[in-house]
Amino acid sequence: MSIFDSFAISASALTAERLRLDLISNNIANINSTGRPNDPAQEPYRRKVPVFAQMLKRVQAGDGVRYGFRGAGVKMAAVLEDNSPPRLVHDPDHPHAGERGFVAYPDINIVREMVDAMTATRAYEANVTALNAAKDIALQALEIGR
Amino acid sequence: MGIFSDAAITGLKKGLDAAGLRHRVMADNIANVNTPRFKKSTVVFESLLQKALDEAPVRMAVADYRHFGGGTDLAGVRPVVMRSKATSMRTDGNNVDIDQEMAALAVNTIRYRALSTDLREHYALLSLAITGRG
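Residues numbered from 1 in each chain as written. Chains lettered and ligands numbered in written order. Predicted model: local features only at pLDDT ≥ 70, side-chain atom pairs only at ≥ 80, totals over all residues. Heavy atoms only, no water.

### Quick notes on the pattern of salt bridges
Counted only if it meets this: For salt bridges, the criterion is a side-chain nitrogen of Lys or Arg within 4 Å of an Asp or Glu carboxyl oxygen. Secondary structure elements are taken from DSSP: a helix is a run of H or I of four residues or more, a strand is a run of E of two residues or more, and numbering for both begins at the N terminus. For every residue, the accessible area (1.4 Å probe, protein chains only) is compared with the maximum for its type, and the residue is labelled buried under 20%, exposed over 50%, or partly exposed between those bounds.
Counted by the stated rule, this structure contains 15 salt bridges over all chains. Two residues, Glu113 of chain A and Arg47 of chain A, come together in a salt bridge whose shortest N-O distance is 2.6 Å. Within this pair, whereas Glu113 of chain A is found in helix α2 (residues 110-142), its partner Arg47 of chain A is found in the loop between α1 (2-29) and β1 (48-56), the two being separated by 66 residues in sequence. On the accessibility criterion, Arg47 of chain A (10% relative accessible area) is buried. Across the salt bridge formed by Asp136 of chain A and Arg113 of chain B, the nearest N and O atoms sit 3.0 Å from each other. Linking Asp136 of chain A in helix α2 with Arg113 of chain B in helix α3 (residues 98-131), this pair reaches from one chain into another. Taken together, the shared-partner salt bridges in this structure form one network comprising Arg47, Asp82, Arg112, Glu113 and Asp116 of chain A.

### Thoughts on the interface of chain B and chain A
Threshold: Here, residues are in contact when the closest pair of their heavy atoms is within 4.5 Å. What gets called buried area is simply the loss in accessible area from a 1.4 Å probe that two parts show on being joined, summed for both. Distance and chemistry together define a polar contact, namely a pair of N or O atoms within 3.5 Å, with one atom able to donate a hydrogen and the other to accept it when in protein, and with adjacent residues in sequence counting only for side-chain atoms on both sides. The nonpolar class holds Ala, Val, Leu, Ile, Met, Phe, Trp, Tyr, Cys and Pro. Asp, Glu, Lys and Arg form the charged class, and all remaining residues, Gly among them, are polar.
Taken together, the contact between chain B and chain A spans 34 residues of the former and 35 residues of the latter. Buried surface at the junction of chain B and chain A, summed over both partners, amounts to about 2,900 Å²; 61% is from carbon and sulfur atoms. Our enumeration of links across chain B and chain A arrives at eight residue pairs in polar contact (both at pLDDT 80 or more). Looking at the side of chain B that touches chain A, the elements with two or more residues in it are α1 (7-31), β2 (80-83) and α3 of chain B. By residue number, the principal contributor to the side of chain B that touches chain A is α3 of chain B, which donates 12 residues. In the side of chain B that touches chain A, the residues fall into 17 nonpolar, 10 polar and seven charged.

### Describing the environment of Asn127 of chain A
Inspection of the secondary structure assignment puts Asn127 of chain A in helix α2. The spatial distance from the C-alpha of Asn127 of chain A to the C-alpha of Glu17 of chain A is 9.4 Å, given a sequence separation of 110 residues. Residues in contact with Asn127 of chain A, not counting those within four places in the same chain, are Ser10, Ala13 and Leu14 of chain A together with Ala27, Ile30 and Ala31 of chain B. There is a polar contact of 3.5 Å between the side chain of Asn127 of chain A and the backbone nitrogen of Ala31 of chain B.

### Structural notes on the packing of α1 of chain B against α3 of chain B
Residues and elements named next belong to chain B. The following threshold applies: In this analysis an axis means a line fitted to C-alpha atoms, helices contributing only their contacting stretch, and an angle means the value between N-to-C directions, from 0 to 180 degrees. Roughly parallel covers angles under 35 degrees, roughly antiparallel covers those over 145, roughly perpendicular covers 65 to 115, and oblique covers all other angles. Crossing chirality is assigned from the near helix's rotation relative to the far helix, an anticlockwise turn below a right angle marking it left-handed and a clockwise turn marking it right-handed.
Interaxial distance between α1 and α3 falls to 9 Å at its minimum, and their mutual angle equals 155 degrees. Classified by the interaxial angle, the pair formed by α1 and α3 is roughly antiparallel. Like other packed secondary-structure pairs, α1 and α3 cross with a definite hand, here left-handed. Here the residues of the contact of α1 with α3 are counted per class, giving 16 nonpolar, seven polar and five charged.

It is worth stressing that arrangement in space is one thing and function is another; only the former is reported here.
The following block contains the structure:
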């Protein structure tokens, strides 16, 4: 069903962008989640990075895809961890301070996170517009029989 | 040619079908605006329909299904989905131009409205002809 497919496509993008925004919020919330340097048991928080991937409609034998279009929206294929080394801050009184008085902070750049959050919000808005347009089209189609 | 399959109704139905497909394709493009290496698709339809309409007057009579009628049959016009692989908008290989997509989305919605209104008017005329009252 062509029109209901477009609802599902836009909805998949809304889900993915919202999850991305959740990850960004989580990164910002954990900007001060410290760890002890060189101690694998007490690692600092690692920045989470979403990986988006195109979703394609599965084609079964004998089930022809109309007009050869298989696009079915977007999905978050994976959530990876940023492997950049932690930021070391000298604070000997901190409970996580290592032997030389350094504390490991996660390598989170607040400016980058805010820019990502704005990108995700704008993409979300674009998909809401597409969803509303689909609604408009579907309602308009119902008017044909009036 | 029946009353429900004249050139106007056939063309309008094809147009609505193509607008629905185009909306689906654009929704997919917008959904993948942040997907690395995604390449956008577009729907080609109006030029094909115009070609079929231009060629319609020179069609030849067909007495057998193996005969060539010449020209393109209006009922046989189908929208075609094209993927543009050559361009890139950003360094991640994605080529969705969000401004272009949103503008085309608005145009497509209005086009769908126009076509559906036209089809409704057409059926209203048929209804008037059948019943004698509007």
